[in-house]
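Okay, here's what each chain looks like letter by letter:
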Amino acid sequence: MKLNRGILTAAAAALFVGVTAPAGAQVVGTFNSANCIPFGCSYPEPNAGSIYQQVYASSNFATGGMLTGLSFFNDPAFKHDLRAGTYDFYLSTTSVAVNALDASDFDSNRGLDNTFWGSFALSGATPDVLSFTGSGFNYDPALGNLLLDIRISGASPQIHGGPDESYFQAEYPAGGTFSRDYNFSANGSDNVGLVTGFTFGPSDPGGDTVPEPATMTLLATGLAGMAAARRRKKNA
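What you see is a predicted model; the values in this text were computed from it and never measured.

Visitor: Report on the state of the cysteines, specifying residues and quantitative values.
Guide: Within the structure shown, the criterion is met by one disulfide. Sulfur-sulfur distance for the disulfide between Cys 36 and Cys 41 comes to 2.0 Å. As the torsion about the S-S bond is roughly 60°, the Cys 36-Cys 41 disulfide counts as right-handed. Each member of the pair, Cys 36 as well as Cys 41, carries the same accessibility label: buried.

Visitor: Tell me about the packing of aromatic side chains, residues and numbers included.
Guide: As enumerated under the stated definition, the model contains 20 aromatic pairs in all. Between Phe 39 and Phe 72 the ring centres are 5.2 Å apart and the planes differ by 50°, which places this aromatic pair in the tilted class. Within this pair, whereas Phe 39 is found in the loop between strand S3 (33–35) and strand S4 (51–56), its partner Phe 72 is found in strand S5 (residues 65–73), the two being separated by 33 residues in sequence. Between the aromatic rings of Phe 61 and Phe 198, the centroid separation amounts to 5.1 Å while the plane-to-plane angle is 90°, which identifies the pairing as edge-to-face. Placement of the pair is Phe 61 in the loop between S4 and S5 and Phe 198 in strand S13 (residues 196–201), with a sequence separation of 137 residues. Linked through ring pairs, Phe 39, Phe 72, Tyr 87, Phe 89, Trp 117, Phe 120, Phe 132 and Phe 168 together constitute an aromatic cluster. Here the basic side chain of Arg 110 rests over the ring of Tyr 90, its NZ or CZ set 4.5 Å away from the ring centre.

Visitor: Provide a residue-level description of the nonpolar core, including the pertinent values.
Guide: Core analysis: the largest hydrophobic core is formed by 37 residues, its most contacted members being Phe 39, Tyr 56, Leu 70, Phe 72, Phe 89, Phe 132 and Leu 146. Secondary-structure elements contributing two or more residues to this core are S4, S5, strand S6 (85–94), strand S7 (115–122), strand S8 (129–139), strand S9 (145–153), strand S10 (168–171) and strand S11 (178–182). Leu 70 has contacts with Phe 89, Leu 91, Trp 117, Leu 130, Ser 131, Phe 132, Leu 148, Thr 196, Gly 197 and Phe 198, leaving out every residue within four places of it along the chain.

Visitor: Tell me about the pattern of salt bridges, and name the residues and values.
Guide: A side chain with one charge can pair with a side chain of the opposite charge if their charged atoms come near. On inspection of all chains with the given rule, the structure shows four salt bridges. Among the ionic pairs, Arg 151 bridges to Asp 107, the shortest N-O distance being 2.9 Å. Taken together, the positions of Arg 151 in strand S9 and Asp 107 in the loop between S6 and S7 put the pair 44 residues apart, joining distant regions of the chain. Residue Asp 107 is classed as partly exposed on the basis of its relative accessible area, which comes to 46%. Where Asp 149 meets Arg 110, a salt bridge forms, and the shortest distance between an N and an O atom there is 2.9 Å. Remark: Arg 110 occurs in the loop between S6 and S7 and Asp 149 occurs in strand S9; sequence separation between them is 39 residues. On the basis of relative accessibility, which here comes to 0%, the residue Asp 149 falls in the buried class. Within this structure, Asp 107, Arg 110, Asp 149 and Arg 151 form a network of salt bridges that share partners.

Basis of the calculations
Per chain, residue numbering runs from 1 following the sequence as it is written. With the structure being a predicted model, the display of local features is reserved for residues of pLDDT at least 70 and the display and counting of side-chain atom pairs for 80 or more, all residues being used for whole-chain, interface and lining totals. Hydrogens and water molecules were not included; the side-chain quantities draw on all heavy atoms of the structure. Working definition: a disulfide is two cysteine sulfur atoms within 2.5 Å of each other. Each residue's exposure class comes from its accessible area (1.4 Å probe, protein chains only) as a fraction of the maximum for that residue type: buried when under 20%, exposed when over 50%, partly exposed otherwise. Two rings from Phe, Tyr or Trp (for Trp, the six-membered ring) form a pair when their centres are within 6.5 Å of each other. A pair whose planes differ by under 30 degrees is stacked, one over 60 is edge-to-face, and the rest are tilted. Numbering of helices and strands runs from the N terminus; a helix is a DSSP stretch of H or I covering at least four residues, while a strand is a stretch of E covering at least two. To sit over a ring, a charge needs its Lys NZ or Arg CZ within 6 Å of the ring centre and within 35 degrees of the ring normal. Residues belong to one nonpolar core when they are buried, are Ala, Val, Leu, Ile, Met, Phe, Trp, Tyr or Cys, and are joined through side-chain atoms within 4.5 Å. A contact between two residues is defined here by any heavy atoms of the two lying within 4.5 Å. Counted as salt bridges are all cases of a side-chain nitrogen of Lys or Arg within 4 Å of a carboxyl oxygen of Asp or Glu.

What follows is the structure, encoded as structure tokens:
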């Protein structure tokens, strides 16, 4: 039985086999349902699904770092085609709470550090793990929740309920882990979201560190002293 959010019932999803996450990825969410939005289906509405947002509670992350990879996991019971189109990913640290995304003004959900993370063209058969590698976003969970904002263009009219749509592992109800909203339909989407893998690298303190003048002076003095010591030893 399909729910109006494109979700399969938890009872049915419990029969499905999970997909292994990429090595080193932190997985947020528990697979107990399945969903086709945004990568596997659309809706016959004016936008046909052009905005998808999912907010993750900061409590999911013990530490942050440079977020370089995101992964989503196909439900092997519904392995068909991706919804072809271009998917632009943005990441930000947001003060918006889980289950409180504003579906009437998606831009208001974005944080001040909203960052373009990557643009990805999707088409063809759905892989077991749909992985994306972006330019990097330095996330600190102490500063707020994490918002994933996907803007979709040039998408194919892959109608919800069609024979070719793919479903991805989801959690519903999500119990405060994450929530989402979108413009695919008018249905609310609190307390549900896609199971997501996060790949973090070391935190970036702001780029290459430039030594202060005092440090450069100390370094130069030390090198000069070493050179003088070598000359004295040679002349001894």
